[in-house]
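Structural overview for review
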Amino acid sequence: MSDSQPQQQPSHSPRSGRGDGGGHGHLRPAGHGNAAAAESTTLLLAGARLTDGRTVDVRLSGGRIQAVGTAGSLPAPAISRVDLSGYLLLPAPVEPHAHGDTALTADGEGPVSHTPDEVQRRATEAALLQLGHGATAVRSHVRIGDVHGLGPMEAVLQARRSLRGLTDLTAVAFPRLLTGVAGADGLAMLRDAVKMGASVIGGCPDLDPDPTGFLEAVLELAAEHGCPVDLHTDGDDPARLSRLAAMAGGLRPGVSLGPCGGLSRLPLDVAARAADQLAAAGVRVICLPQGDCAALERRGLRTAPVRLLRAAGVRVAAGSGALRDAGNPVGRGDPLEAAYLLASQGGLRPMEAYDAISAAAREAMGLPEVRVEAGFPAELLAVRGDRIAGVLSLAYSRIVIHRGRVVARTSAVREYCDSAVAVALDLPRQGRMEPGP
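Residues numbered from 1 in each chain as written. Predicted model: local features only at pLDDT ≥ 70, side-chain atom pairs only at ≥ 80, totals over all residues. Heavy atoms only, no water.

**Some points on the overall build of the chain**
Assigned secondary structure in the chain consists of 13 helices and 18 strands. When each of the 437 residues of the chain is scored for burial, the buried share is 54%. A total accessible area of about 18,100 Å² is found for the chain, and carbon and sulfur atoms account for 52% of it. (Helix = DSSP H or I, 4+ residues; strand = E, 2+ residues; numbered from the N terminus. Buried < 20%, exposed > 50% of the residue type's maximum accessible area, 1.4 Å probe, protein only. Areas by Shrake-Rupley, 256 points an atom, 1.4 Å probe, with all protein chains shown as cover.)

This is the structure in structure tokens:
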């Protein structure tokens, strides 16, 4: 079972234009009665640059890439057109580790509200913020149990329905306890959450008095329902990681762990042995380069040893984690920032870092592969720039395409005053030249 569910499409009317907008037009809200029209719409992305240096036109139809050709080679009569001159066209990133139910709560006064309306509002706003950054799919861990019961899960599932056509939001059921007397209620609630529509089973074994029993309960329920597993762990206990690898090996559709920052605090030989065991079991790691999330006790902010894990053969994806909540009051929820941090501090090459938020993250979420080639899903991100390193450094203007439709645009305008230095250097200037307010 993948995270993605069939979605309807919003209508839009892109217009070709000049400047940093890359052909910006008006975006109308998503609707529930226009799926057929959306699937029949054809969109031409003109003059886009690819990572191999080519400049191409890309035609989209039916939610997929229909054709890729040299600039000006694809006939485009009576179809919508977006000018991507000056933009790098990439497979869209996704967000494999979010917490929509607690997002945007860092600035609030008093206790955080967990009423269904408030949780739905936060989850919706967080998903839209992440969509604006380029993430066309979001996996959100949702706490269940305690005094809030299944209310937050119901709210996030409602947010998912309201966002159809804009982004794919899926929920991970996150119980606190699953063992002992107290865990009986948690296990029953976890079963109910899966029946409600939670498509992934999660939780934090580190917080249960019996971590092994917690893992057994999660893996058994996941096997019963064919659900992926996505667990929180600091990863600082090699014996626990070894048991998990032994138990998880062969489970389909797979097991992911994160953020595993504790692996960086282990002796190198111990961490390497744990990485080998995770690789042999096919367990993926979802690291959080921007810092831990509130689901774990803060034991020293260290990112998972990405290069060591990759060298062992572990498939490593990167997520954002906290988005302005107790885990990180200034969290941005921006996949490109996660990739930037992996490139600037994690020792990865820029393309490897981008792969962690796109191809590897999509694989971790059970989503189909995306390439800028005919036949692949039209899940794309255009960023102003000409090379991936520049995009990770200054990723300001972005155009987001989900299921073949432009669903979000962010435009940055940079201007310099009329000085001799600016004129001599021919610095880029995007903005109106005529006087105005």
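**Some points on the sheet that holds strand β11 (residues 200-203)**
Each strand in a sheet pairs with another by means of backbone hydrogen bonds, the pair being arranged parallel or else antiparallel. Read across the sheet, eight strands follow the order β8-β9-β10-β11-β12-β13-β14-β15 without closing on themselves; strand pairing throughout is parallel. Two strands close off the open sheet at either side, each with one partner strand: β8 (95-98) and β15 (316-318). This sheet shows a mean twist of 25° between the axes of neighbouring strands, independent of strand direction. When strand β10 (residues 168-174) meets β11, the two strands line up parallel, connected through two bridges. The partner of A173 across the bridge, within β11, is I201. Helix-sheet contacts for helix α3 (residues 151-162) involve β9 (137-143) and β10, and the interaxial angle to β10 is about 165°. (Pairing = 2+ DSSP bridges. Axes fitted to C-alpha atoms, helices over the stretch in contact; angles between N-to-C directions. Contact = heavy atoms within 4.5 Å.)

**Quick word on the pattern of salt bridges**
Tallied over the full model, the rule gives 19 salt bridges. If you follow the salt bridges from partner to partner, you end up with R284, R315, D355 and E363 in one network. (Salt bridge = Lys/Arg side-chain N within 4 Å of Asp/Glu carboxyl O.)

**With respect to the packing of helix α4 (residues 180-196) against helix α5 (residues 211-225)**
A pair of packed helices is captured by two measures, namely the crossing angle of their axes and the spacing between those axes. For the pair α4 and α5, the least separation of the axes is 12 Å and the interaxial angle reads 30°. By the angle between their axes, α4 is roughly parallel relative to α5. Note that α4 runs across α5; the crossing there is right-handed. On the side of α4, the interface is formed by L187, L190, R191 and V194, while α5 contributes A217, L221, E224 and H225. When the residues that make up the contact of α4 with α5 are grouped by side-chain class, the tally is five nonpolar, one polar and two charged. (Parallel < 35°, antiparallel > 145°, perpendicular 65-115°, else oblique. Left-handed = near helix turned anticlockwise from the far one by under 90°. Nonpolar A, V, L, I, M, F, W, Y, C, P; charged D, E, K, R; others polar.)

**Comments concerning unusual backbone geometry**
P259 follows G258 through a cis peptide bond whose omega is 0°. Relative to the helices and strands, P259 resides in strand β13 (residues 255-259). Backbone geometry at D146 places phi at a positive 55°, although glycine is not the residue there. Relative to the elements of secondary structure, D146 occurs in the loop between β9 and α3. The phi angle at R324 is positive, at roughly 50°, despite the residue not being glycine. Note that R324 resides in the loop between β15 and α9 (335-344). On the basis of relative accessibility, which here comes to 35%, the residue R324 falls in the partly exposed class.

**Some remarks on α3**
Over its 12 residues, α3 runs 17 Å from end to end, which matches the ideal 16 Å to within 8%, given 1.5 Å per residue. Here α3 has its buried residues at G151, P152, M153, A155, V156, L157, A159 and R160. Turning to α3, the residues buried within the fold contact α2 (116-133), β9, β10 and α4. (Expected span 1.5 Å × (residues − 1).)

**Here's the deal with the packing of α5 against helix α6 (residues 238-248)**
At a minimum axis distance of 11 Å, the contact between α5 and α6 shows a crossing angle of 20°. By the criterion of interaxial angle, the relationship of α5 to α6 is roughly parallel. Seen from above, α5 lies across α6 with right-handed handedness. Contacts between α5 and α6 involve P211, T212, L215, E216 and L219 from the former and R240, R243, L244, M247 and A248 from the latter. Considered class by class, the residues forming the contact of α5 with α6 number six nonpolar, one polar and three charged.

**Comments concerning the pairing of strand β7 (residues 87-91)**
With four of five residues buried, β7 is to be regarded as a mostly interior element. Bridge count between β7 and strand β16 (residues 380-384): five bridges; the pairing is antiparallel. Counterpart to P91 in the pairing with β16 is L380.

**Some thoughts on the confidence of the model for the chain**
On average, residues of the chain score 87 in pLDDT, and 85% of them are at 70 or above. Segment residues 5-26 is flagged for pLDDT under 50; beyond a separation of four residues in sequence, or across chains, it makes 83 contacts in the model. Low confidence marks residues 431-437, where pLDDT is under 50. Its contacts with residues over four positions away, or in another chain, come to four contacts. (pLDDT = per-residue confidence, 0-100.)

**Looking at α2**
An α-helical turn contains 3.6 residues, so any two residues separated by three or four positions project in the same direction. Counted at 1.5 Å a residue, the expected span for α2 with its 18 residues is 26 Å, and the 26 Å between its end C-alpha atoms agrees. Along α2, the residues classified as buried are V119, R122, A123, T124, A126, A127, Q130, L131 and G132.

**Some thoughts on the pairing of strand β5 (residues 64-70)**
Remark: a regular strand shows side chains that alternate across the two faces of the sheet. Strand direction decides the pairing type here: strand β4 (residues 55-61) and β5, joined by six bridges, are antiparallel. Paired with D57 across the bridge in β5 is G69. Where β4 hands over to β5, the hairpin turn is made up of two residues, of which G62 adopts a positive phi near 65°.

**Concerning the environment of A159**
Its location among the elements puts A159 in helix α3. Apart from residues lying up to four places away in sequence, A159 is in contact with Q120, A123, T124 and L169.

**Considering the nonpolar core**
Within the largest apolar cluster, 81 residues are counted, with the highest numbers of intra-cluster contacts made by M153 and L336. When residues no more than four places from it in sequence are discounted, the contact partners of M153 are V142, I144, A171, V172, A173, A193, M196 and A198. Listed in part, the 21 residues of the second largest apolar core include A48, V82, I401 and V406. (Core = buried A, V, L, I, M, F, W, Y, C linked by side-chain atoms within 4.5 Å.)

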